[in-house]
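The lines below spell out each chain.
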Amino acid sequence: MTAAFNHTRTYSAKKVAPINDPKSAEKQVNVGDRGMFSELNLEHKYCIKHSSDQPKVISEVFENTYSSVHGARMMISSIQGQTLSMLISLLKPKICLELGCFVGNSALWIADGLAKAFPRPHKKQAAGHLWTCEIDPKTAELATSNISKSDLAEYVTVVNSSGLDFLAKWDKTKQFDFVFIDADKGNYINYYEYIVSNNLLAPNGLIIADNVLFKGQVSKLEATTHYANPSSVSQKIFNFNLHVKNDPRTEQVVLPVFDGMSLISLKK
Ligand SMILES: C[S@@+](CC[C@H](N)C(=O)[O-])C[C@H]1O[C@@H](n2cnc3c(N)ncnc32)[C@H](O)[C@@H]1O
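The present account deals with the structure reproduced in this document. (Residues numbered from 1 in each chain as written. Predicted model: local features only at pLDDT ≥ 70, side-chain atom pairs only at ≥ 80, totals over all residues. Heavy atoms only, no water.)

**A look at the packing of aromatic side chains**
- Applying the stated rule across the entire model yields 5 aromatic pairs.
- For the pair W131 and W170, a centre-to-centre distance of 5.4 Å together with 70 degrees between the ring planes defines the contact as edge-to-face. Pair noted here: W131 is in strand β2 (residues 129–134) and W170 is in the loop between α8 (163–169) and β4 (176–181), with a separation of 39 residues, a long-range link.
- For W131, a relative accessible area of 24% gives the class partly exposed. (Phe/Tyr/Trp six-rings, centres within 6.5 Å; stacked < 30°, edge-to-face > 60°. Helix = DSSP H or I, 4+ residues; strand = E, 2+ residues; numbered from the N terminus. Buried < 20%, exposed > 50% of the residue type's maximum accessible area, 1.4 Å probe, protein only.)

What follows is the structure, encoded as structure tokens:
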């Protein structure tokens, strides 16, 4: 399923809020930024206020999803999106994979970075591209529609597939330069293992895994001596973090950004 092609960029004009205006931080906080948390603390608001403005098309997907789609809290925050976009614009990854597309919010952030890394005009084959997997057909359709309304559609292909099925069919001669893991938490280890064991991560490739602190519950598990329900999300993420930490093939940094995200690369 390939999203439609559209050339018009719709980025918002750069607005600088008055530094001393106590209401300005509030104004710039998007409902979608709250995501997993009902309230943002002062520091998080400050970070949003002093980071670059979000592209308008992505704010609109945030807002529309919040007002009409069940599970909107699953979306990455704008701070995470800005981080993904900036890393991608600098690393210039050619082959990108996302596991867990939902409505296309994080895919748009990745595409935003790709558009900066591979600005138009470019030969289609020479630009970076994102394949993003979504298991639910209706959600994949919505993602395709959201992305086709943006000017970033040429950088993204939404695939209605489970992540593991997609990987099983992937041409093993093509390595991923960037992978964002944000699908079912019980498969995080399987996604990671499939990619690393099959040599599908490029030598300078980067894997980013989302929700690795899962609402603060994962570090609490470490602090207690008993294990949680093995089927709980926090236990699955706990196992994933430990698995990567103990893997001699890779290095990782676990960042306390929003709900936690890990950056993982092959050991040099
Ligand atoms: C946390 S949400 C993704 C949020 C998205 N990355 C964002 O920030 O905008 C997880 C998504 O993964 C999808 N999903 C669940 N299991 C999956 C699987 N096995 N393969 C692919 N997608 C899956 C869910 O339907 C859901 O839409």
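**Things to note about the pairing of strand β6 (residues 250–255)**
- Pairing analysis gives 6 bridges linking β6 to strand β7 (residues 261–266), with the strands arranged antiparallel. Within β7, the residue paired with T250 across the bridge is L266.
- Where β6 folds back onto β7 in an antiparallel hairpin, the turn is made up of 5 residues, including F258, whose phi is positive at roughly 55 degrees. (Pairing = 2+ DSSP bridges.)

**Comments concerning the site of the ligand**
- In the vicinity of the ligand lie 19 residues, with I76, G100, S106, E134 and D182 positioned nearest.
- At 2.9 Å from a nitrogen atom of the ligand is found a main-chain nitrogen or oxygen belonging to G163.
- D184 is positioned such that a nitrogen or oxygen atom in its side chain is 3.3 Å from a nitrogen atom of the ligand.
- Alone, the ligand offers 600 Å² of accessible surface; in the complex the protein occludes 89% of this.
- Among the secondary structure elements, those contributing two or more residues to the shell around the ligand are α6 (105–117) and β2.
- Residue classes in the shell around the ligand are distributed as 9 nonpolar, 6 polar and 4 charged. (Near = heavy atom within 4 Å. Polar contact = N/O pair within 3.5 Å; in protein donor to acceptor, adjacent residues only side chain to side chain. Areas by Shrake-Rupley, 256 points an atom, 1.4 Å probe, with all protein chains shown as cover. Nonpolar A, V, L, I, M, F, W, Y, C, P; charged D, E, K, R; others polar.)

**Here's the deal with unusual backbone geometry**
- Of note, the bond from R120 into P121 is cis; its omega dihedral lies within 30 degrees of zero at -5 degrees.
- In this structure, P121 sits in the loop between α6 and β2.
- Although it is not a glycine, F102 adopts a positive phi angle of roughly 55 degrees.
- Tracing the chain through its elements places F102 in the loop between β1 (95–99) and α6.
- Positive phi is not limited to glycine here, since N211 has a value of about 65 degrees.

**Digging into the pattern of salt bridges**
- Inspection of the entire model under this criterion finds 6 salt bridges.
- Residue D182 pairs with K185 through a salt bridge whose shortest N-O separation is 3.3 Å.
- Residue classification places K185 among the buried residues on the basis of a relative accessible area of 15%.
- Where R249 meets D247, a salt bridge forms, and the shortest distance between an N and an O atom there is 2.8 Å.
- Residue R249 is classed as partly exposed on the basis of its relative accessible area of 32%.
- Through salt bridges with shared partners, one network takes in E193, D247 and R249. (Salt bridge = Lys/Arg side-chain N within 4 Å of Asp/Glu carboxyl O.)

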